[in-house]
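So the chains spell out like this:
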Amino acid sequence: MSIQQNIEHEPEADATPALLPPRRSGRGRLTLRRFARNRLALVGIGIVVLLFAFAYLGPLVDKWSYSDHDFTSFLEGPTASHWFGTDQSGTDMFALTTRGLQKSLIIGILVGLITTGLAATLGAAAGYFGGWTDRVIMWFVDMLLVLPSFLIIAVLSPAFAKSTWLIFVVLLALFSWMITARIVRSMTLTLKDREFVKAAKYMGVSDIRIIFRHILPSMASLLIIDGTIQVSLAVIGESSLSYFGFGIQPPDVSLGTVIADGTDAATTYQWLFWFPAGFLVLFGLAIAFIGDGLRDAYDPNSSNAKAQAKAIKEKGRNKGDEADGVPGQRVGSTEVLSQA
């Protein structure tokens, strides 16, 4: 056999793997990788985890309960016995703050999830199905928009004072989803005429699956931003209602009730106000950081995501140049390219 014949019959298995495209990662894994590159988002998650640990583990190491009174210590500053000081009735401020933080964290997260989920589901259903479904949902939305929500919650909250505080969560969520639902409906009217939705219909995909697997993921950036805003608004709304006496009712407490009790003495006995208010602000900042990270992870077209991708790509190209010695060096017929 000639040399030419040997070349023609030589297997090409060694060259093929180099030409194959890299294996694609799933959408969830890719989103997780993008999120992990955002340092502020990781900081936000760390703060939220620490806040939950502080709220639920703090009472285990404190000898005082939020319902106890130290009659030998009134309006005393932070000491070894009372880490955050005491209020005018001798109640330990550390115990009050941890108990109030427990309620505010749970209320904020539950209201944010319920509000965004309700707005996404009803708004997408109204825009996708149209007809009487759209008219009924939009009539309900318009009716809730004209009602004075703060006044209604303030009137109804004392009526449920002896029942579970979860009813207060329902009341907050019931009057917080309408504007987002209108936005989701408008975006759905545009998305349902796109090619990928028509292709899914042609393939026999059910309407519910199209809504939750194709339409809503296309507006994930909007929903994530709305969810984080709703969490912060829920905590602030709960604190505001509790401040005026319409939220969490005694003997239970929240950050709003603790802040309300210490407002009058904020300039003279600072620990009564600044400890609970500081945790409230810290939680709001952490949720904002997480929301920005999730938005950039789900929406690669956002400005922050583009900047991060460009920086990672440049970093990878520089590493490739240093390893090759010469930028753009060719190996065989394939140019060495850096991958982010």
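What you see is a predicted model; the values in this text were computed from it and never measured. (Residues numbered from 1 in each chain as written. Predicted model: local features only at pLDDT ≥ 70, side-chain atom pairs only at ≥ 80, totals over all residues. Heavy atoms only, no water.)

**Q** Give me the nonpolar core: which residues, what numbers.
**A** Core analysis: the largest hydrophobic core is formed by 29 residues, its most contacted members being Leu51, Met93, Leu101 and Phe283. For this core, the elements supplying multiple residues, two or more each, are α4 (39–61), α5 (93–129), α12 (220–243), α13 (255–262) and α14 (271–298). Broken down by element, this core gets its largest block of residues, ten residues, from α14. Those residues in contact with Leu101, other than ones at most four positions away along the chain, are Leu51, Phe54, Ala55, Leu255 and Phe279. (Core = buried A, V, L, I, M, F, W, Y, C linked by side-chain atoms within 4.5 Å. Buried < 20%, exposed > 50% of the residue type's maximum accessible area, 1.4 Å probe, protein only. Helix = DSSP H or I, 4+ residues; strand = E, 2+ residues; numbered from the N terminus. Contact = heavy atoms within 4.5 Å.)

**Q** Tell me about a nonpolar patch on the surface, residues and numbers included.
**A** A cluster of nonpolar side chains, namely Trp139, Phe140, Met143, Leu145, Val146, Leu147, Leu174, Ile179 and Ile183, defines an oily patch on the protein surface of about 820 Å² accessible area. The set of elements that each furnish at least two residues to the nonpolar patch consists of α6 (131–146) and α9 (178–191). Sort the elements by how many residues they give to the nonpolar patch and α6 lands first, with five residues. Secondary-structure assignment places Val146 in helix α6. (Patch = residues over 30% accessible without salt bridge, like charges linked within 9 Å, V, L, I, M, F, W, Y side chains within 5 Å. Areas by Shrake-Rupley, 256 points an atom, 1.4 Å probe, with all protein chains shown as cover. Salt bridge = Lys/Arg side-chain N within 4 Å of Asp/Glu carboxyl O.)

**Q** Describe in detail the packing of α5 against helix α11 (residues 207–218), supporting the description with residues and values.
**A** Closest axis-to-axis distance for the α5/α11 pair is 11 Å, and the angle between their directions is 110°. On the basis of the axis angle, α5 is roughly perpendicular to α11. α11 is crossed by α5, and the crossing has right-handed handedness. Contacts between α5 and α11 pair Ala120, Thr121, Ala124, Ala125, Tyr128 and Phe129 from the former with Asp207, Ile210, Ile211, Phe212, Ile215 and Leu216 from the latter. (Axes fitted to C-alpha atoms, helices over the stretch in contact; angles between N-to-C directions. Parallel < 35°, antiparallel > 145°, perpendicular 65-115°, else oblique. Left-handed = near helix turned anticlockwise from the far one by under 90°.)

**Q** An account of the packing of α5 against helix α8 (residues 166–174) is requested, with residue identities and associated values reported.
**A** Orientation of α5 relative to α8, taken along the N-to-C sense of each, is 45°, at an axis distance of 9 Å. In terms of orientation, α5 lies oblique with respect to α8. At the point where α5 passes α8, the crossing takes the right-handed sense. The residues of α8 that touch α5, namely those facing Ile107, Leu110, Val111, Ile114 and Thr115, are Leu166, Phe168, Val169, Leu172 and Ala173. Classifying every residue of the contact of α5 with α8 by side-chain character gives nine nonpolar, one polar and no charged. (Nonpolar A, V, L, I, M, F, W, Y, C, P; charged D, E, K, R; others polar.)

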